[in-house]
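Below, each chain spelled out in residue letters.
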Amino acid sequence: MEQLKRTATCGELSAARAGDAVVLNGWVHRFRDHGGVKFVGLRDRYGITQVVVDEDADRSLKATAEGLKNEYCIAVRGTVRSRPLDMVNREMATGEIEVAAAEIRVLSSCETLPFMIDERSEARDELRMKYRYLDLRSFSMQRKIKLRHDVCYYTRQYLHERGFYEIETPTLIKSTPEGARDFLVPSRLQRGRFYALPQSPQLFKQIIMVSGFDKYFQLAHCYRDEDARGDRQLEHTQIDMEMSFVAKEDVFEVVEGLMAALFQRALGVGIETPFRRLSYDEAMNSYGSDKPELRFEMPLQDFGALAAGSGFGVFESVLTDGGTVKALVAGGCGDYSRKQIGQLEEAARTYGAAGLAWMKVSQSGGLEGGISKFFAERAAEVTGALGAVPGDLLLFVADQWKTACTALGAVRTRLGRELGLCDPSQFSFAWIVDFPLFEWNEDASRWEAAHHMFTMPQERFLATLENDPGAVKGDLYDLVCNGFELASGSIRIHDPALQQRIFNVVGFSEEEARRRFGFLLEAFQYGAPPHGGIAPGLDRLVMIMAGESSIREVIAFPKNTAGVSLMDDSPSQVDQSQLDELGLQIVERESG
RNA sequence: GGGGGCGUGGCGAAGUUGGUUUAUCGCGCCGGCCUGUCAAGCCGGAGGUCGCGGGUUCAAUCCCCGUCGCUCCCGCCA
């Protein structure tokens, strides 16, 4: 039988095409049988078109139509006709026409569905993942996948316009176990040896700079064997970029341009550049996070000066121990119940705070409840310093600086969401700069690179690198948006001597450095250009653009939080022969 | 590694401070009716070991313990 090849999509027909003979291919979205006349809502990627089988249609056509069920894949041959005025559906793009069927052919039938292909259907994620191909048929998923495609396309377009080359790097590489856990791939040819899947193309893109391709990018797959989250998968995609002969200003300018182009071209949304800049210290002090939600202000404030001498033992002892007391004014939350405050305290405790102190500003401007008795006499001073007004709730965390900030920051974020301060149509970008280069690892009793070991220290700290590593700020930067870390990057070290000093600070012997990154260090001996780069996370970017809160929503085939792909059931066991070939043996985990 | 939430016909939910009769509702599914619907409507029907295992009890979907699965969060994620 001759193929009924489509001549139009289900989203394109309008009254201008009335009278045309067309063939549509698609899926039965809905079937409505009125006994005489029958309607098929035919769906494809482009839309839904109403197909009509008229009362006077021939017997076999009617019989075929009556056999149709949801999600049958069919072909329809028919004629476009305008609907009578009172039957036009203004909700539908194709609502002014319908296709009168002359022939319907079932291309593929469909079992009873595990869930409806419907915007309103809310199957639980587990089922959506198992039957991902069905989930992806919905317009909402098709829209997100298209958005992702558009972002990829416009990324390539924009970076090409800016002179970048897209260069692929290997996905079977040397394991350099720093930071996240590597995924390992056993080698058959070199028994007992392993490749790693790249956590990022970091070393390769730096080598590409040495090779003279001074602007590089790649939509790179990155793999990290760590616990997954709503905004974190075992594998994700980065818009990986690197440039030679640049300072961080140049990187910012390119990324700001890229973001503006992507939001404009893919969403039609204008975003303001340049982006706001915050130092790491400012971000922590004011918002309690290195990826602050900036769609609302409600900043944390330092309460140390007023807490000192208050007579409140918790505050005073923390201050004596060199800690910090942070305050947050929750505007208009003076009517919060003990229970509500308890929930906020729970958020603070989650991030390591011992508790959450509070008091309320009464209508008379005095302080009441919670710890107010310690401040009652200085009420005006307290409210004045914090900028609080009657009806406000004052919240406090006293702890070591970082804990105090992050714990109260978590309270701030929770409050902001609760109070509806985050406008879903707003995108608040900011650069976070001046990160510390090193972090003290308590367990290992040594300094570690906060970002990675190839990050350039800021020049003003070069002289004191070894003396006071904790004070050193790096030339590294994060791009944040709406409380998510969207990108992370740095200016790199290209001087082997300086690189060696960094290795020394983190206790990396020359020998160990050579063993792990010898090829990069060697490359740097052959005229390495100054360079730097950044890597926006594609999944998070598309997630934010799509207004979603999980990157699973913008990944066609995601894994769950346990790293399992419910559709293909990976990871799976393998044949003994495969293990034998690789010289691998499975050792059962000891129970108990 | 730790903490919270959830698990009830194919799907989404309700329910029982432990009890009476057939575990309820919407969607879907099956059958019938219906010339204009577009989340069609009307009538009828099938479909459940209430995640699994154990315990308490005269009696457990409900309480307790364990376990599995999913999920959110802390840790982790240079």
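Computed from a predicted structure; not experimentally measured. (Residues numbered from 1 in each chain as written. Chains lettered and ligands numbered in written order. Predicted model: local features only at pLDDT ≥ 70, side-chain atom pairs only at ≥ 80, totals over all residues. Heavy atoms only, no water.)

A. Just the overall build of chain A, in detail. If you tally the helices and strands in chain A, you get 16 helices and 22 strands. Projected onto its principal axes, the C-alpha positions of chain A cover 90 × 75 × 60 Å. For chain A, the residues scored as buried account for 49% of the 592 residues in total. For chain A, contacts bridging at least 24 residues in sequence account for 68% of all contacts bridging at least 6. By element, 48% of the accessible surface of chain A is carried by carbon and sulfur atoms, the whole surface being about 29500 Å². Counting 67 positive and 86 negative side-chain charges, chain A places the averaged centre of each group 4 Å from the other. (Helix = DSSP H or I, 4+ residues; strand = E, 2+ residues; numbered from the N terminus. Buried < 20%, exposed > 50% of the residue type's maximum accessible area, 1.4 Å probe, protein only. Contact = heavy atoms within 4.5 Å. Areas by Shrake-Rupley, 256 points an atom, 1.4 Å probe, with all protein chains shown as cover. Lys, Arg positive; Asp, Glu negative; His and termini not counted. Charge placed at Lys NZ, Arg CZ, Asp CG, Glu CD.)

B. A look at helix α14 (residues 510-523). Taking 1.5 Å of rise per residue, the 14 residues of α14 would be expected to cover 20 Å, yet its terminal C-alpha atoms sit only 16 Å apart, more than 12% below that figure. The sharpest bend along α14 comes to roughly 95°, located at Phe517. Turning to α14, its buried residues are Ala513, Arg516, Phe517, Gly518, Leu520, Leu521 and Ala523. Residues of α14 that are buried in the fold lie against α5 (202-210) and α13 (496-505). (Expected span 1.5 Å × (residues − 1). Bend = angle between axes of the 7 residues up to and from the residue.)

C. Examining the protein's contact with RNA strand B more closely. Around RNA strand B lies a shell of 48 residues, among which Glu98, Arg229, Tyr351, His451 and Arg552 are the nearest. When atoms of RNA strand B within 4 Å of the protein are split into backbone and base, the sugar-phosphate part holds 53%. In this structure, a phosphate oxygen belonging to RNA strand B sits 3.1 Å away from a side-chain N or O atom of Lys69. When grouped by side-chain class, the residues that make up the surface near RNA strand B number 13 nonpolar, 16 polar and 19 charged. (Near = heavy atom within 4 Å. Polar contact = N/O pair within 3.5 Å; in protein donor to acceptor, adjacent residues only side chain to side chain. Nonpolar A, V, L, I, M, F, W, Y, C, P; charged D, E, K, R; others polar.)

D. Representation of the environment of Glu256 within the structure. Along the chain, the position of Glu256 falls in helix α6 (residues 248-267). What Glu256 contacts, discounting residues up to four positions off in sequence, is Thr273, Pro274, Phe275 and Trp431.

E. Examining the sheet that holds strand β16 (residues 393-399) more closely. In spatial order, the strands read β12-β13-β16-β14-β15; together these five strands make up an open sheet with antiparallel pairing. At either margin of the open sheet sits one strand with a lone partner, and together these are β12 (300-302) and β15 (367-368). Bridge analysis of strand β13 (residues 324-330) against β16 gives seven bridges, and the strand direction is antiparallel. Residue pairing in the sheet places Thr324 in a bridge with Asp399 of β16. Seen against the sheet, helix α12 (residues 401-418) touches β12, β13 and β16 and runs at an angle of roughly 10° to β13. (Pairing = 2+ DSSP bridges. Axes fitted to C-alpha atoms, helices over the stretch in contact; angles between N-to-C directions.)

F. Seen up close, the nonpolar core. Counting 79 residues, the largest nonpolar core has Met241 and Phe429 as the members making the most contacts within it. A per-element tally of this core places α6 first, with 10 residues. Apart from residues lying up to four places away in sequence, Phe429 is in contact with Met259, Phe263, Ile271, Phe275, Arg276, Leu479, Val480, Cys481 and Leu486. By size, the runner-up hydrophobic cluster in this structure holds 28 residues, among which are Ala8, Val40, Leu61 and Leu134. (Core = buried A, V, L, I, M, F, W, Y, C linked by side-chain atoms within 4.5 Å.)

G. Broad picture of a nonpolar patch on the surface. A contiguous nonpolar patch, built from Tyr133, Phe557 and Met567 and spanning about 320 Å² of accessible area, is present on the exposed surface. Locating Tyr133 in the fold gives a position in helix α3 (residues 132-135). (Patch = residues over 30% accessible without salt bridge, like charges linked within 9 Å, V, L, I, M, F, W, Y side chains within 5 Å. Salt bridge = Lys/Arg side-chain N within 4 Å of Asp/Glu carboxyl O.)

H. Spotlight on the confidence of the model for chain A. For chain A, the average pLDDT comes to 93, and 99% of its residues sit at 70 or higher. Prediction confidence for the complex, expressed as pTM and ipTM, is 0.95 and 0.90 respectively. (pLDDT = per-residue confidence, 0-100.)

I. Representation of the sheet that holds strand β6 (residues 165-166) in the model. What the eight strands build is an open sheet, ordered β6-β9-β10-β22-β21-β20-β17-β11; its pairing is mixed. One side of each edge strand has no neighbouring strand; the edge strands of this open sheet are β6 and β11 (276-279).

J. Region of the structure containing the pattern of salt bridges. According to the stated counting rule, one finds 40 salt bridges in the structure shown. Here Lys38 and Asp33 are joined by a salt bridge, their closest N and O atoms 3.1 Å apart. Across the salt bridge formed by Glu66 and Lys38, the nearest N and O atoms sit 3.0 Å from each other. Separated by 28 residues along the polypeptide, Glu66 in helix α1 (residues 59-66) and Lys38 in strand β2 (residues 38-44) bring together distant segments of the chain. For Lys38, a relative accessible area of 0% corresponds to the buried category. Salt bridges here are not isolated pairs; linked through shared partners, they connect Asp125, Arg128, Arg132, Asp135, Lys144, Glu548 and Glu553.

K. Expanded view of the side chain of Gln202. Along the chain, the position of Gln202 falls in helix α5. Those residues within four positions of Gln202 in sequence are excluded, and the remaining contacts are His452 and Arg492.

L. Expanded view of the packing of helix α4 (residues 139-161) against α6. Following both chains from N to C, one finds α4 and α6 inclined at 135°, their axes separated by 9 Å at the closest point. Taken as axis vectors, α4 and α6 run oblique relative to one another. As for how α4 packs across α6, the hand of that crossing is right-handed. Residues Leu147, Asp150, Val151, Tyr154, Thr155, Gln157, Tyr158, Leu159 and Glu161 of α4 lie in contact with α6, whose contacting residues are Val254, Gly257, Leu258, Ala261, Leu262, Arg265, Ala266 and Leu267. Residues belonging to the contact of α4 with α6 are distributed by class as follows: 11 nonpolar, three polar and three charged. (Parallel < 35°, antiparallel > 145°, perpendicular 65-115°, else oblique. Left-handed = near helix turned anticlockwise from the far one by under 90°.)

M. Summary view of the packing of helix α10 (residues 338-350) against α12. Contact pair α10 / α12: the axes reach a minimum separation of 7 Å and the direction vectors enclose 135°. On the basis of the axis angle, α10 is oblique to α12. Read as a crossing pair, α10 and α12 show a hand that is right-handed. In this structure, α10 uses Gln343, Leu344, Ala347 and Ala348 to contact α12, whose residues at the interface are Ala407, Ala410, Val411, Arg414, Leu415 and Glu418.

N. Up close: the domain arrangement of chain A. Segmentation of chain A into domains returns domain 1 (15-108) and domain 2 (296-421). Just the C-alpha atoms count here: the centres of domain 1 and domain 2 sit 63 Å apart. (Domains from an automatic or database assignment.)

O. The packing of aromatic side chains, seen in detail. One pass over the full model with this rule turns up 25 aromatic pairs. Relative to Phe519, the ring of Phe204 has its centre 6.4 Å away and its plane inclined at 45°; by these criteria the two rings are tilted. Highlighted residues: Phe204 in helix α5 and Phe519 in helix α14, separated in sequence by 315 residues. In this structure Phe204 comes out as partly exposed when scored by relative accessible area, which is 27%. A relative accessible area of 31% means that Phe519 is categorised as partly exposed. Both rings, one in Trp431 and one in Tyr477, keep their centres 6.3 Å apart while their planes meet at 90°; by these two values the pair is edge-to-face. Here Tyr477 lies in strand β20 (residues 476-481) and Trp431 lies in strand β17 (residues 429-433), a separation of 46 residues in the sequence. These aromatic residues form a ring-pair network of at least three members: Phe252, Phe263, Phe275, Phe427, Phe429, Trp431 and Tyr477. In this structure, Arg412 is placed above the aromatic ring of Phe296, and the distance from its NZ or CZ to the ring centre is 4.2 Å. (Phe/Tyr/Trp six-rings, centres within 6.5 Å; stacked < 30°, edge-to-face > 60°. Lys NZ or Arg CZ within 6 Å of the ring centre and 35° of its normal.)

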